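Working through the structure, step by step
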Amino acid sequence: MIEAVDCSVPAGPGAIVVGRFPLSSGQWIAPHSHPHHHQLVCTRRGVLGVAVGDAYWVIPPTRALWLPASVVHKTGATRDAVLCSLYIAADRCALAWTEPTPVAVDGLLAHLIAYLSDDELADDARLRAEAVVLDLLRPLPASPIDVPQAVDERVRAVADALLADPADQRGLDAHARSVGVSRRTLTRLFVRDTGMSFDRWRTHVRLQAALPLLAEGQPVSRVAHAVGYATPSAFLAAFRRTVGTSPGRYLNGEVAEGG
């Protein structure tokens, strides 16, 4: 288990400090927390991933993720990206969000984030812009796609194989044979360890792997095949069944279909 790092944030003239951190493909920042600052994670280039425990969010330029102070998280990039973080002093913030919360990033909010990145900005102008930023934060309805970690070594072996290759077409029987247990035993262990059936857990793995590819603009047909679906329609049906909306609406922060 990796111990979380307590990352302090340098003081700024206002309540918000902006940091920018280039991330190369596959690079992850170790689990850490900010005890005295809320964090708004966003990017203007590339696609980020943020993990809090078993929950995982994909952050394209159209959305950001609010992380309350002291929440342990890790952040990374599936392709080259620039992590832009707004650190907001918890004792000077009126927002009372206690859980990680995705928010929409429209043109005005993106412009204000860039504006606050200017170290030469006058203090009075900075304070006015900070107030507008907080007013623009609009929660999105979409939930993260959870992939609970396995504990039992046999379940973990199967889970690691699927995480390494979400398109692996082997069924439960074949995976059970590969770890030397019966189908019935692996079924029971999967539910005990993850709280999900094998099929549901694998669906979550596949959808989680698909989101960064979709956020990069890859076509649904290519993404569906890359994560193990025979047809785009099968992938879209699984996504809607699991998440309650289409991938496009999910990434753009629109309400669930029929909501």
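On a predicted model such as this, the values are computed, not experimentally measured, just so you know.

In this section: helix α1 (residues 107-116). Taken together, the buried positions of α1 are Leu109, Ala110, Leu112, Ile113 and Leu116. Each buried residue of α1 lies within a common arc of 165 degrees when the element is viewed along its axis, so the set occupies one face. Exposed side chains of α1 directed beyond 90 degrees from the buried face belong to Gly107 and His111. Two or three places before leucine 108, at the opening of α1, aspartate 106 has a side-chain oxygen 3.3 Å from that residue's backbone nitrogen.

Let's shift gears to the pattern of salt bridges. Opposite charge on two side chains permits pairing when their charged atoms draw close. Tallied over the full model, the rule gives eight salt bridges. In this structure, the salt-bridge partner of arginine 128 is aspartate 124, at a minimum N-O distance of 3.9 Å. Highlighted residues: arginine 128 and aspartate 124, both in helix α2 (residues 123-136), separated by four residues, approximately one helical turn. Take arginine 128: its relative accessible area is 54%, and that puts it in the exposed class. Take aspartate 124: its relative accessible area is 46%, and that puts it in the partly exposed class. We note a salt bridge from aspartate 152 to arginine 154, for which the minimum N-O separation is 2.8 Å. For aspartate 152, a relative accessible area of 12% corresponds to the buried category. Overall, the relative accessible area of 31% leaves arginine 154 in the partly exposed class. Each of Asp152, Arg154, Arg192 and Asp193 takes part in salt bridges that share partners, so that together they form one network.

The next subject is the pairing of strand β9 (residues 81-89). Sheet faces and side chains relate simply in a regular strand, where the side chains alternate between the two faces. Burial runs high along β9: nine of the nine residues are buried. Burial along β9 is two-sided: the residues Ala81, Leu83, Ser85, Tyr87 and Ala89 and Val82, Cys84, Leu86 and Ile88 are all buried. Where strand β2 (residues 16-23) lies against β9, eight bridges are found, and the strand directions are antiparallel. Each residue of the ladder has a partner; that of phenylalanine 21, found in β9, is leucine 83. Bridge analysis of strand β4 (residues 37-45) against β9 gives eight bridges, and the strand direction is antiparallel. If you follow threonine 43 over to β9, its bridge partner there is leucine 83.

Cut-offs applied
- Residues numbered from 1 in each chain as written.
- Predicted model: local features only at pLDDT ≥ 70, side-chain atom pairs only at ≥ 80, totals over all residues.
- Heavy atoms only, no water.
- Buried < 20%, exposed > 50% of the residue type's maximum accessible area, 1.4 Å probe, protein only.
- Helix = DSSP H or I, 4+ residues; strand = E, 2+ residues; numbered from the N terminus.
- Arc of directions from axis to C-beta.
- Polar contact = N/O pair within 3.5 Å; in protein donor to acceptor, adjacent residues only side chain to side chain.
- Salt bridge = Lys/Arg side-chain N within 4 Å of Asp/Glu carboxyl O.
- Pairing = 2+ DSSP bridges.

Just distances and angles here, no functional claims.
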